Amino acid sequence: MTILEQLADHARERVAQAKRNVSLEAIRRQALSLPKGNFSFENTLRRPGLSFICECKKASPSKGLIAPDFPYLQIARDYEEAGADCISVLTEPKWFLGSGEYLREIANSVSIPCLRKDFTVDEYMIYRAKVLGASAVLLICSILRGGQIKEYISICDELGLSALVEVHSEDEVQAALSAGARIIGVNNRDLKDFSMDTDNSRRLRKLIRHDALFVSESGIGSAGDIGKLRKIDADAVLIGEALMRAADKKNMLNELRGIS
């Protein structure tokens, strides 16, 4: 079983447990009772220039513990003050040591859109993301069928949430486009074995229509990497480990953005 399959299986277990505490019908009613979102995540990415999605994560399956000291609220505020456009918050608890409460508190503490970064395997997780204050959710093509992606985008639309549809291969790009994805994220890391190929974004960029937003994810750690992505007209980058390991996150983000 690949790491991604383990993550997806554990997500299904988490959903089953959550449903025993709060039913799907109850969480759906709760989500729909909230004001409909205004798709702030994707509207932010549509602004001119390259947008920066900065990630709050404590650990990962490939790197283990990244941030033993994890003042997540301060990290999020530092990102916002340094000019981040959006914040990605890991909520997967077993391998990434994330939490829905991290997302809830961060979304209540910053004024920029927040992405719920998790392994969405059930509509329940989308409604829960809305309740937690997310402006967007991650949908990973490798663990979803084409029909599921389309269904989940429709649920997001009903709630006013954006869907970042993540791909790693040509077939997955086509599946995302067929499902109506408006934001496509190319992961340079293969989630089946966690190998890294930073050229993956360049290869797949040509397959993605320019009316869909293009996000490059993983393995981005220098101004040189950012320069290459600007050349292929990336709309946004999602940066995690490079920022999380930086002692001065504001300075690191300024360097990546080309601000001295």
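Provided above is the structure to which this section pertains.
Residues numbered from 1 in each chain as written. Predicted model: local features only at pLDDT ≥ 70, side-chain atom pairs only at ≥ 80, totals over all residues. Heavy atoms only, no water.

Chemist: Tell me about the pairing of strand β4 (residues 86–90), and please be specific about residues and values.
Modeler: Among the five residues in β4, five count as buried, and that is most of the element. Residues Cys-86, Ser-88 and Leu-90 of β4 are buried on one face, and the alternating residues Ile-87 and Val-89, pointing to the opposite face, are buried as well. By the bridge criterion, four bridges tie strand β1 (residues 51–56) to β4 in an arrangement that is parallel. Of the residues in β4, the one forming a bridge with Cys-54 is Ile-87. (Buried < 20%, exposed > 50% of the residue type's maximum accessible area, 1.4 Å probe, protein only. Helix = DSSP H or I, 4+ residues; strand = E, 2+ residues; numbered from the N terminus. Pairing = 2+ DSSP bridges.)

Chemist: Please set out the packing of aromatic side chains residue by residue, giving values where relevant.
Modeler: Evaluation of the coordinates by the stated rule reveals four aromatic pairs. Arranged with centres 5.4 Å apart and planes meeting at 65°, the rings of Phe-70 and Tyr-102 form a pair that is edge-to-face. Of this pair, Phe-70 sits in the loop between β3 (64–65) and α4 (72–81) while Tyr-102 sits in helix α5 (residues 100–109), and the two are 32 residues apart along the sequence. Comparing Phe-70 with Tyr-102, the two get one shared label, buried. When the centroid spacing of 4.3 Å and the interplanar angle of 40° are considered together, the rings of Tyr-72 and Tyr-102 count as tilted. Taken together, the residues span a long stretch of sequence, with Tyr-72 in helix α4 and Tyr-102 in helix α5 at a distance of 30 residues. Accessibility classification places Tyr-72 together with Tyr-102 in one group, the buried group. Taken together, the ring pairs connect Phe-70, Tyr-72 and Tyr-102 into an aromatic cluster. (Phe/Tyr/Trp six-rings, centres within 6.5 Å; stacked < 30°, edge-to-face > 60°.)

Chemist: Lay out helix α8 (residues 170–178) in plain terms, naming residues and giving numbers.
Modeler: Taken as a whole, α8 has its buried residues at Glu-172, Val-173, Ala-176 and Leu-177. Taken down its axis, α8 places every buried residue within 140° of arc, on the same side. Among the exposed residues of α8, those pointing more than 90 degrees away from its buried face are Asp-171 and Ser-178. Residues of α8 that are buried in the fold lie against β7 (162–167), β8 (183–187) and α9 (200–205). Phi turns positive one or two residues past the end of α8, at Gly-180, with a value near 90°. (Arc of directions from axis to C-beta. Contact = heavy atoms within 4.5 Å.)

Chemist: Could you give an account of the packing of helix α6 (residues 123–132) against helix α7 (residues 146–159), naming the residues involved and the relevant values?
Modeler: Between two packed helices, both the angle of their axes relative to each other and the distance between the axes serve to describe the pair. Direction vectors running N to C along α6 and α7 enclose 25°, while the axes themselves pass 10 Å from each other. Put simply, α6 runs roughly parallel to α7. The two elements α6 and α7 cross, and the hand of that crossing is right-handed. From α6, Glu-123, Ile-126, Tyr-127 and Lys-130 reach across to α7, where they touch Glu-151, Tyr-152, Ile-155, Cys-156, Glu-158 and Leu-159. Taken together, the residues of the contact of α6 with α7 sort by class into six nonpolar, no polar and four charged. (Axes fitted to C-alpha atoms, helices over the stretch in contact; angles between N-to-C directions. Parallel < 35°, antiparallel > 145°, perpendicular 65-115°, else oblique. Left-handed = near helix turned anticlockwise from the far one by under 90°. Nonpolar A, V, L, I, M, F, W, Y, C, P; charged D, E, K, R; others polar.)

Chemist: Go over the side chain of Ser-162 with me, naming the residues and quoting the values.
Modeler: Looking at the secondary structure, you find Ser-162 in strand β7. Residue classification places Ser-162 among the buried residues on the basis of a relative accessible area of 0%. A distance of 2.7 Å separates polar atoms of two side chains, one belonging to Ser-162 and the other to Glu-42. Those residues in contact with Ser-162 that lie beyond four places of it in its chain are Phe-39, Phe-41, Glu-42, Ser-135, Ala-136, Val-137, Cys-156 and Ile-183. (Polar contact = N/O pair within 3.5 Å; in protein donor to acceptor, adjacent residues only side chain to side chain.)

Chemist: Summarise the pattern of salt bridges; cite the residues concerned and give the values.
Modeler: Side chains that differ in charge, positive against negative, can pair when their charged atoms come close. The tally for this structure, following the rule as stated, stands at 15 salt bridges. A salt bridge links Glu-42 to Arg-182; the shortest N-O distance between them is 2.8 Å. With a gap of 140 residues between them, Glu-42 in helix α3 (residues 40–45) and Arg-182 in the loop between α8 and β8 connect regions that are remote in the sequence. Classification of Arg-182 by relative accessible area gives partly exposed; the value is 28%. The partner of Arg-116 in a salt bridge is Asp-118, and the shortest N-O contact between them spans 3.4 Å. In terms of burial, Arg-116 and Asp-118 fall into one category: buried. (Salt bridge = Lys/Arg side-chain N within 4 Å of Asp/Glu carboxyl O.)

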